[in-house]
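Read off the chains here:
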Amino acid sequence: MSIKHTPSFTEEASSVIIQEDLYQGTSRGVRKGVYLSAVVAAIGGYLSGFDTGATSGVLTMQPFTSYFFTEGNIEYLEGLLLALFLMTAAIASFLSGIICDRLSRKYAIMLATGIFCIGNLFLAIGHNFGLFLTGRLVAGFGAGLMTSGIPLYHSEIAPPDIRGRLISFFTLMGAFGQVSGYFVTFGTSYLTSNWSWRAPYVMQCLMASVFGVCLVPMPFSPRWLVDHGRTEEARSSLVLLRGVPANHPIVADELQAIVDEIDFERSLGKRTYRELFEAQNRKQLVSASFIAVATAFTGIVSIWYYAPMMIQSAGLSDTSVSIATTGGSGLLSLVMSALSLQWAIDQLGRKKLFLFGAAGMGISMFIIGGLFQTYTEVDAETGNVTIHNVPARNTIVAFVYIFCAIYSFTWGIATYVYPAEVFNMRVRAKGLAFAYGLNWGFTILISYCVPLFLLRTVSGVYFFFGACCIVTMGGVFFLPETKGRTLEEMDSVFRTPSSSVSGK
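Model, not experiment: these values are computed from the prediction.

(A) The arrangement of the packing of aromatic side chains in detail. One pass over the full model with this rule turns up 29 aromatic pairs. Ring geometry for Y35 against F169: centres 6.2 Å apart, planes inclined by 55°, an arrangement best described as tilted. In this pair, Y35 sits in helix α2 (residues 32-58) while F169 sits in helix α7 (residues 163-188), placing the two residues 134 residues apart along the sequence. Judged by its relative accessible area of 10%, F169 is buried. Aromatic side chains F68 and F129 sit 6.0 Å apart centroid to centroid with 65° between the ring planes, which places their arrangement in the edge-to-face category. In this pair, F68 sits in helix α3 (residues 62-68) while F129 sits in helix α6 (residues 129-157), placing the two residues 61 residues apart along the sequence.

(B) Focus on the nonpolar core. One finds L166, F354 and W411 to be the most contacted residues of the largest nonpolar core, which totals 113 residues. In this structure, V58, F69, L82 and F129 belong to the second largest nonpolar core, which totals 18 residues.

(C) Geometry of α2. Over its 27 residues, α2 extends 38 Å from the first C-alpha to the last, a length consistent with the 39 Å expected when each residue adds 1.5 Å. For α2, a buried count of 23 out of 27 residues is recorded, marking the element as mostly surrounded by other parts of the structure.

(D) Summary view of the pattern of salt bridges. The tally for this structure, following the rule as stated, stands at 17 salt bridges. Where R428 meets E156, a salt bridge forms, and the shortest distance between an N and an O atom there is 3.0 Å. Here E156 lies in helix α6 and R428 lies in helix α18 (residues 428-456), a separation of 272 residues in the sequence. In this structure, the salt-bridge partner of R235 is E232, at a minimum N-O distance of 3.4 Å. You can see R235 and its partner E232 sitting in helix α10 (residues 231-242), three residues apart, about one turn around the helix. Classification of R235 by relative accessible area gives partly exposed; the value is 26%. Through salt bridges with shared partners, a single ionic network connects D101, R105, E156, R428 and K430.

(E) Structural view of unusual backbone geometry. Phi at S104 takes a positive value of approximately 100°, unusual for a residue other than glycine. Assignment of secondary structure puts S104 in the loop between α4 (74-103) and α5 (105-125). On the basis of relative accessible area, S104 is assigned to the buried category, the value being 1%.

(F) View of the environment of E232. Residue classification places E232 among the exposed residues on the basis of a relative accessible area of 52%. The spacing of E232 and L255 is 23 residues in sequence and 9.7 Å in space, taken between C-alpha atoms.

The rules behind these values
- Residues numbered from 1 in each chain as written.
- Predicted model: local features only at pLDDT ≥ 70, side-chain atom pairs only at ≥ 80, totals over all residues.
- Heavy atoms only, no water.
- Phe/Tyr/Trp six-rings, centres within 6.5 Å; stacked < 30°, edge-to-face > 60°.
- Helix = DSSP H or I, 4+ residues; strand = E, 2+ residues; numbered from the N terminus.
- Buried < 20%, exposed > 50% of the residue type's maximum accessible area, 1.4 Å probe, protein only.
- Core = buried A, V, L, I, M, F, W, Y, C linked by side-chain atoms within 4.5 Å.
- Expected span 1.5 Å × (residues − 1).
- Salt bridge = Lys/Arg side-chain N within 4 Å of Asp/Glu carboxyl O.

See below:
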């Protein structure tokens, strides 16, 4: 057994200060390479967000529902469309660790884009329910692979002082895409033909094609290159990403840190999925998995996919108006994501955002549930649920907006950052795949159950998610803070034995 030197607290602090000084000495202008790469990759988030916004609008369109559904099967088939999309997304997410490690982060994202494009082509054609369902299955696989691959790529190209911001580009673009999806379907909802629901999917197909072309000149992850023995290519990638000469201390020090860490990880033997669950990685895995599962139980999934239906239940019965109102919440979410990206995620840290967000979202859900419980009226003839009290209706819509704003400022940003940065290089892709796969899996459960839940009790849905948010706060207290630390320091942040002992 060989013993690796464990740095003292003073040595670790000095290392962090030196690294911060080096990065602060680099002007913003020369970082255009890493910012440009992060923004281009984040367009995949726009595609995923657009799908969410467009699909939630399409599900309320009369031409779509009359083409595919009957009154007897609409709730079941709507839930099936969403659940199967999420199922293949979950499968892709679990497989993304293997795909990203073998093909590279860049090529995995390109593959995901191609699959997503093919799926949307099937959706746009969609001459029968079977073909449309196939399109959702294929597009879901592409979306799941993109959602895992892009934050992984962002985490590995980013300097530590702006890593949270760069990973958050994915969330920001996702919010932008969601807003775009809402308003595109708002526009097409006035069409009386099947193009009202086909047009958004044609647009997605075209955008995915353009995104795939834009990915071609993108640099590879320097950490992936070193891991595959391509050290000089990794140096060139760092030069491009950091915007400094090849002999600059930033490039030399970062490359050496990556090489040392990967050499050490190789000394531990062959990589397997099993080691993800071993003692040295267990705390990271539990922390990342907790955030992934807790995110699904905040209730944001029900807002994303069923907000137009919920707003119709609150009394805004016109389809176009409900979509437009939902689009307004998406626009607010976009603004809040941008504010968090600029001034919160790398300044306040991840843990404070999780705590504040869980508290705020829980309170919002309880208020919405209380209003539905108090003011809901049921039409005895049709069974439709609505609220005729105008102040109550407006308050519900306001707190849907507040919930979305809080989520976007806190969990919406941090939930993609935290799991992407806590693992070491040896298990990062697999760990991130496992965490995001769990998120997709529990999202399936919630998306399928919410419409069935809503048929029996509207207020109960909100009370349930409000309680989940409050319970989540307890778990967040035990999470280590990762703000400002390099990826190579994460083992010491989580105090795992692999930072001090090599061999078995």
